[in-house]
Amino acid sequence: MTPALSLPSYVDDLGNGLCRRWSTAADEAKIGACLATVFRGKPEDPPNHTMINRLAVLFSPGHPLMGPGDFAVVEDTSLADRPIVACACLWRQCWSYAGIPFGLGRPEYVAALPEYRNRGLIRSLFEMLHARSADTGDLVQAITGIPYYYRQFGYEYALDLGGGRTIPVAAIPVKKGEEPELCHLRPAVESDVMDIKALYDQQAAGSLVWTEMTEERWLYYITVWDLPAVQRHAPGEFGPERRLFMIVDGADKVCGVVGLATSRRNGTAYIGGLVMAPNVNWQAAMPSLLRAFVRATAEIPDADMAQVAGATPEPVRELVFNLDRVHPADDIWGDSLASTRQPPYAWYVRVADVPRFLYHIAPVLERRLAESVLAGYTGELKLDFYRGGLRLQFEQGKLIEAAPWRVPPYGDEEQGGCPPLVFLQLLFGHRSLTELRESYPDVWTTAEAKLLVNTLFPKQPSSVWSLAYT
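Focus on the packing of helix 4 (residues 193–204) against helix 5 (residues 215–223)
Here's step 1: Running from N to C, helix 4 and helix 5 cross one another at 115°; their axes reach a closest spacing of 9 Å. Where helix 4 crosses over helix 5, the handedness of that crossing is right-handed. Residues Val193, Met194, Ile196, Lys197 and Tyr200 of helix 4 lie in contact with helix 5, whose contacting residues are Glu215, Trp218, Leu219 and Ile222.
Here's step 2: Residue composition of the contact of helix 4 with helix 5, grouped by class: seven nonpolar, no polar and two charged.

Concerning the pattern of salt bridges
Here's step 1: All chains considered together, the criterion is met by 26 salt bridges.
Here's step 2: Among the salt bridges present, the one from Asp252 reaches Arg186, with a minimum N-O distance of 3.2 Å. In this pair, Asp252 sits in the loop between strand 11 (242–248) and strand 12 (254–261) while Arg186 sits in strand 9 (residues 184–187), placing the two residues 66 residues apart along the sequence.
Here's step 3: Among the ionic pairs, Arg341 bridges to Asp330, the shortest N-O distance being 3.6 Å. Linking Arg341 in strand 15 (residues 340–342) with Asp330 in helix 8 (residues 330–337), this pair joins segments that are 11 residues apart in sequence.
Here's step 4: The class of Arg341 is partly exposed, set by a relative accessible area of 38%.
Here's step 5: Residues participating in the shared-partner salt-bridge network are Glu380, Lys382, Arg391, Glu401 and Glu413.

What to know about the packing of aromatic side chains
Here's step 1: Within the structure shown, the criterion is met by 25 aromatic pairs.
Here's step 2: Taking 5.1 Å as the distance between ring centres and 90° as the angle between the ring planes, the aromatic pair formed by Tyr149 and Tyr150 counts as edge-to-face.
Here's step 3: When its relative accessible area of 6% is taken as the criterion, Tyr150 is described as buried.
Here's step 4: Ring centres of Phe357 and Phe428 lie 5.6 Å apart, and the angle between their planes is 35°; on these two criteria the pair is classed as tilted. Taken as a pair, Phe357 in helix 9 (residues 354–360) and Phe428 in the loop between helix 11 (423–427) and helix 12 (433–439) lie far apart in primary sequence, 71 residues in all.
Here's step 5: Judged by its relative accessible area of 0%, Phe357 is buried.
Here's step 6: Exposure remark for Phe428: the relative accessible area of 2% places this residue in the buried category.

Details of the layout of surface pockets
Here's step 1: Its volume calculated, the second largest pocket comes out at about 460 Å³.
Here's step 2: Along the walls of the second largest pocket sit 24 residues, with Gly206, Asp324, Val326, Pro461 and Ser463 positioned nearest its centre.
Here's step 3: Secondary-structure elements contributing two or more residues to the lining of the second largest pocket are strand 7 (156–161), helix 4 and strand 13 (268–276).
Here's step 4: At three residues, strand 13 tops the list of elements feeding residues into the lining of the second largest pocket.

Reading the values: rules and limits
- Residues numbered from 1 in each chain as written.
- Predicted model: local features only at pLDDT ≥ 70, side-chain atom pairs only at ≥ 80, totals over all residues.
- Heavy atoms only, no water.
- Axes fitted to C-alpha atoms, helices over the stretch in contact; angles between N-to-C directions.
- Helix = DSSP H or I, 4+ residues; strand = E, 2+ residues; numbered from the N terminus.
- Left-handed = near helix turned anticlockwise from the far one by under 90°.
- Contact = heavy atoms within 4.5 Å.
- Nonpolar A, V, L, I, M, F, W, Y, C, P; charged D, E, K, R; others polar.
- Salt bridge = Lys/Arg side-chain N within 4 Å of Asp/Glu carboxyl O.
- Buried < 20%, exposed > 50% of the residue type's maximum accessible area, 1.4 Å probe, protein only.
- Phe/Tyr/Trp six-rings, centres within 6.5 Å; stacked < 30°, edge-to-face > 60°.
- 1 Å grid on protein atoms, 1.4 Å probe; cavity = no way out; pocket = protein on both sides within 12 Å on 5 of 7 lines; lining within 4 Å.
- Points joined across faces, edges and corners; volume = space filled by probe spheres on them.

Written as structure tokens, this is what we have:
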């Protein structure tokens, strides 16, 4: 009997010498070769050794997201060296929806060698990832990545991902005379864990969806720099993509936390996840903070210049901030300082069993009803997803049933319609019902159901801060 897709012993013959299976520690070099070949700018570029170094971190003991057995791979057994020609891994995370935790599986490092593409290999690997994620009890999968592609596997853009502001260094106010700087940066250390968690939790409170971060997880991101897989490489050539820095005042009191990219390009430095402590005067601190960013990023290696022997890195000319769609700093920077803005991209989200997820977050739906003009609501909501549908039954404001539903051959029982994946935008607060109706002619509700849908699924911001590739 063939073992289940999710089991480490699973092996499947795909034909033509190709087989899919789960990885072991012995596969690290072959997976690294695949990733280093795929993640290049041009086919004539040398292998991307940064990907190999990142993989070494992922395979190191104690990684909080995965282990050496969490890559789904395709191996070409017809060749003497049996190369791995396609791969994808599964990260394990816990996210929260309005304070209700749920397991999340995150596919990452999705790659197929060019000569093996358009054969359905990635689809076959996602079957394995989804099976393992489901067996773990995950209710949701999420991924960041290339436009459109993951829609093929049941994903929909449903949460904001970052957003950019660019500040030219020349526009940053110069320090006046001998006045002391109000704040400085220093690398985070183990004793900062409690402060970092408090600052992160403060930010998460304003988000519908966020990543649950334990003290142990924060400690890993601080101490990852001590791993041999990190220390044996120069900065910018290893796995971690971003390093945490504490924002402190002249007395070393913590005022905030920020992530600085471990490399920069052509005079551009990248900054993300800026959080300030309560009662900090952002307006007073900002000029000093921006100057601190310039000083700190000047020490970060230039990824392009690192490849040129004897080259002198360009000075930092601009700071690019990866922040949410709306951020407290916006009111201080304004358009004159933050001269360029990049709208957010989005997380792809997949929910294989929508009724089950709705049961899981029922307390949120019930709270939304209780705090609205529909308090104590009794009734049902039937939505047509065109290849299926959803029925919600409420009694005295409590969700008593969430089940698949299909429009009968005759009659007009449905109270609304929505393409099945588009519904995820509504579920995760990414778009309002009105916004979706303006973009999709097949999104609709009856006049009576409109208030109920808007009450259950209001538009709300989410900030899912991810320290990727660590």
